[in-house]
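Structural overview for review
For reference, the chains in residue letters:
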Amino acid sequence: MPADRTKRLREPLVKLIRAEDPDSFRDLLPISGVFEIDDCTVEISYPLDASAEDLQQIQITIESMIHVVDIRVSSSPDPEESHYLITVTETLPDSPAYRRKS
């Protein structure tokens with residue numbers, strides 16, 4: 001029987017971090033699994049009462065820890081949400097975001 005030579009692409013790793021504030025985000029990073037990822041895109045969903053300073057602190061922290069190819073910031077669709085939701089998605093070599101960084 002001939003070997004299957006089709007290359008199967010794996011799904012990118014996705015890590016979700018739910019943090020109360022920049023300090024708790026920093027404390028959760030070591031156990032979040034984001035260090036398994038080389039290149040990534042990041043989406044930060046913030047609560048309505050978030051400050052620009054807190055958002056900047058989270059962004060600076062994540063960009064100093066892992067290689068971020070792209071970052072998006074948006075408000076939480078749930079007005080009752082009081083936490084930051086940070087989604088870190090691995091950027092695979094065959095993805096458009098990976099090609100953009102070159």
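Look above for the structure.
The text that follows walks through the structure, step by step, so that each part is easy to find. Note that the structure is a prediction, hence the values are computed from the model and not measured. (Residues numbered from 1 in each chain as written. Predicted model: local features only at pLDDT ≥ 70, side-chain atom pairs only at ≥ 80, totals over all residues. Heavy atoms only, no water.)

Section: the overall build of the chain
Along the backbone of the chain there are three helices and four strands. Its helices and strands taken in sequence order, the chain reads β-α-β-α-β-β-α from the N to the C terminus. Put simply, the chain has 102 residues, and 34% of those count as buried. Within the chain, counting contacts between residues at least 6 apart in sequence, those at least 24 apart form 80% of the total. A total of about 6900 Å² of accessible surface is found on the chain, and carbon and sulfur atoms cover 50% of it. (Helix = DSSP H or I, 4+ residues; strand = E, 2+ residues; numbered from the N terminus. Buried < 20%, exposed > 50% of the residue type's maximum accessible area, 1.4 Å probe, protein only. Contact = heavy atoms within 4.5 Å. Areas by Shrake-Rupley, 256 points an atom, 1.4 Å probe, with all protein chains shown as cover.)

What about the side chain of Thr91?
By the element assignment, Thr91 lies in the loop between strand E4 (84-90) and helix H3 (96-101). A polar atom in the side chain of Thr91 sits 3.5 Å from the backbone nitrogen of Thr41. (Polar contact = N/O pair within 3.5 Å; in protein donor to acceptor, adjacent residues only side chain to side chain.)

Here's the deal with the nonpolar core
One finds Phe25, Val42, Ile62, Ile86 and Val88 to be the most contacted residues of the largest nonpolar core, which totals 17 residues. Those elements that place two or more of their residues in this core are strand E1 (14-19), helix H1 (22-32), strand E2 (39-46), helix H2 (52-65) and E4. Among residues more than four places away in sequence, those in contact with Phe25 are Ile17, Ala19, Ile58, Thr61, Ile62 and Ile86. (Core = buried A, V, L, I, M, F, W, Y, C linked by side-chain atoms within 4.5 Å.)

Quick look at H1
All buried positions along H1 are accounted for by Pro22, Ser24, Phe25, Leu29 and Ser32. Relative to the axis of H1, the buried residues are bounded by an arc of 155° and lie together on one face. Of the exposed residues in H1, those oriented more than 90 degrees away from the buried face are Asp27, Pro30 and Ile31. Check the buried side of H1 and you find it contacts E1, H2 and E4. (Arc of directions from axis to C-beta.)

A look at a nonpolar patch on the surface
Together, Val14, Leu16 and Leu85 make up a nonpolar patch on the protein surface, roughly 260 Å² of accessible area in all. Turning to its location among the elements, Leu16 is positioned in strand E1. What makes Leu16 exposed here is its relative accessible area of 58%. (Patch = residues over 30% accessible without salt bridge, like charges linked within 9 Å, V, L, I, M, F, W, Y side chains within 5 Å. Salt bridge = Lys/Arg side-chain N within 4 Å of Asp/Glu carboxyl O.)

Side note on the pairing of E2
Of all the eight residues making up E2, six are buried; the element is thus mostly covered by neighbouring parts of the structure. In the sheet, E2 pairs with strand E3 (residues 67-75) via eight bridges, with the strands oriented parallel. Among the inter-strand pairings, Ile44 is bridged to a residue of E3, identified as Val73. Running through H2, the crossover from E2 to the neighbouring parallel element E3 is right-handed. Bridging between E2 and E4 involves six bridges; their strand directions are antiparallel. Across the sheet, Ser45 pairs through a bridge with Leu85, a residue of E4. (Pairing = 2+ DSSP bridges. Right-handed = clockwise from strand over helix to strand, strands pointing away.)

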